[in-house]
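For reference, the chains in residue letters:
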Amino acid sequence: MYPVPVAGSCEFLVTSGSTMAAVEVARQMSEGARNLSLSGHVGFDSMPDQLVNKSVCQGFCFNILCVGETGLGKSTLMDTLFNTRFEGDPAAHNQPGVHIKSNNYELQESNVRLKLSIVNSVGFGDQINKEESYKSIVEFIDAQFEAYLQEELKIKRTLHSYHDSRIHACLYFIAPTGHSLKSLDLVTMKKLDSKVNIIPIIAKADSISKNELQKFKIKIMSELVSNGVQIYQFPTDDETVAEINGTMNAHLPFAVVGSTEEIKIGNKMMKARQYPWGTVQVENENHCDFVKLREMLIRVNMEDLREQTHARHYELYRRCKLEEMGFKDTDPDNKPFSLQETYEAKRNEFLGELQKKEEEMRQMFVMRVKEKESELKEAEKELHDKFDRLKKLHQDEKKKLEDKKKSLDDEINAFKQRKTAAELLQSQAQQSGSQQTLKREKERKNSGFL
């Protein structure tokens, strides 16, 4: 088979995939064209190896959100999953609401480095009123999406070194009641299913019998389906993992037991929980589904969880956020809408609204000024009226005082006149009295001489 030329270019499509010792291409497309020869192995089949090497050098990140009521063994299960004991201060359960606590760790297995974030919902289900217990969890997930979106929208992006804090998997811990899901569980998972990959697990599965556990699993899945809760389904489109993932989907939710204690069983040290009646082996599939959870979460589907987070949940958040900001892919005529045109249209709309608001504020300011002027004029008129009343009252009081003063002066003058007359009469009386006294004395003297 010979190469087939592609019209309008100097490239060729090889119609045979077999390796040839020497293939000559001697068709001239135009003057000055060169001859291309393709021989032996090309080497682009090493692209996966290149990607692997680059990814190993950069390292990986994985973020797990643990949601469940207090005391279901969330921290213990994380220690058991990654075969280590994560350091961290014990959470205090004295806050009024649900508190989100995130811890970051760096793990290495062989030559692969993993940046692991474990996010715990402290105090979930501790409140008497559990109506808004899910809100802080939803807000935290949205905050991580918003941070990544803001990084994407920057002019100078550094996504290659950006620490991706978006939640890749949510392990929802269900209490082993053996009856049905609580209303809190259904409401919370319904609020989270469009934002994160939910993997429901039954915690402390050794506290319920096998028959009850199987019925409990069927009951949980039935309630999730009837309430429209979308949990994460292990992908079956990849032939290499389709069989195992299809089988594991039938085992959801996983019933797990966690333990960091190692007990000698036979000749081996195994993680287990020791009870007076026997031993529960964590990695024994006859005892619990811990091995299934570890296989599906870490060894088989970790990359798919990361991809689903970016391609499904983050894209949904990004689309809704951009639509809220007014960005669209098509115009009203269903024609492509460029980002520049969208920006210009949004900018013009914003400027128009700004100008409209400025005009409204200006009119409102003028109206307020007029209202204030009228109020000041009314106040001024009231002050003038009050001043006139006070002035008239003052004049009346002054006139009254003057009249009183005049009458008092008249009384004083009359009193003075009466006093003068009285003094005159008194002096005249005294004079007449003295004359009579002198006359009597004179008469006595005259009578004495006789």
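Residues numbered from 1 in each chain as written. Predicted model: local features only at pLDDT ≥ 70, side-chain atom pairs only at ≥ 80, totals over all residues. Heavy atoms only, no water.

Undergrad: So what's going on with the sheet that holds strand S13 (residues 278-281)? Residues and values would help.
TA: Pairing within the open sheet is antiparallel, and its 3 strands lie in the order S11-S12-S13. The open sheet has two edge strands, strand S11 (262-265) and S13, and neither has a second partner. Shown here is a sheet whose adjacent strand axes are inclined to one another by a mean of 65°, direction ignored. Taken together, the 4 bridges between strand S12 (residues 268-275) and S13 define a ladder with antiparallel strand orientation. Paired with arginine 273 across the strands is valine 280, a residue of S13. (Pairing = 2+ DSSP bridges. Helix = DSSP H or I, 4+ residues; strand = E, 2+ residues; numbered from the N terminus. Axes fitted to C-alpha atoms, helices over the stretch in contact; angles between N-to-C directions.)

Undergrad: Explain unusual backbone geometry residue by residue, including any values.
TA: Phi is mostly negative for residues that are not glycine, and the peptide bonds are mostly trans. At the junction of leucine 252 and proline 253, the peptide bond is cis and its omega measures out at -5° in the coordinates. With respect to the element layout, proline 253 can be found in the loop between helix H6 (239-249) and strand S10 (254-255). Phi angles above zero are rare outside glycine, and asparagine 83 is one such case at about 55°. Here asparagine 83 is to be found in the loop between helix H2 (74-81) and strand S6 (99-109). The residue serine 110 is not glycine, and still its phi comes out positive at about 60°. By secondary structure assignment, the location of serine 110 is in the loop between S6 and strand S7 (112-122). Residue classification places serine 110 among the exposed residues on the basis of a relative accessible area of 68%. (Buried < 20%, exposed > 50% of the residue type's maximum accessible area, 1.4 Å probe, protein only.)

Undergrad: An account of the packing of aromatic side chains is requested, with residue identities and associated values reported.
TA: One pass over the full model with this rule turns up 10 aromatic pairs. The interplanar angle of 70° and the centroid separation of 6.1 Å between the aromatic rings of phenylalanine 82 and phenylalanine 86 together place this pair among those described as edge-to-face. A single burial state applies to phenylalanine 82 and to phenylalanine 86, both of which are buried. Ring centres 5.5 Å apart and planes at 85° place the aromatic pair tyrosine 232 and phenylalanine 234 in the edge-to-face group. For the residue pair tyrosine 232 and phenylalanine 234, the accessibility class agrees, reading buried in each case. By way of ring pairs, the aromatic residues Phe145, Tyr148, Tyr162, Tyr314 and Tyr317 are connected into one cluster. A cation sits over an aromatic face here: arginine 166 above tyrosine 148, 3.7 Å from the ring centre. (Phe/Tyr/Trp six-rings, centres within 6.5 Å; stacked < 30°, edge-to-face > 60°. Lys NZ or Arg CZ within 6 Å of the ring centre and 35° of its normal.)

Undergrad: Can you tell me about the side chain of threonine 188, naming the residues and giving the values?
TA: Here threonine 188 lies in helix H4 (residues 183-192). Looking at threonine 188, the relative accessible area reads 1%, which means it is buried. For threonine 188, the side chain forms a polar contact with the main-chain oxygen of leucine 184, separated by 2.7 Å. Residues in contact with threonine 188, not counting those within four places in the same chain, are Val67, Phe124, Tyr134 and Tyr172. (Polar contact = N/O pair within 3.5 Å; in protein donor to acceptor, adjacent residues only side chain to side chain. Contact = heavy atoms within 4.5 Å.)

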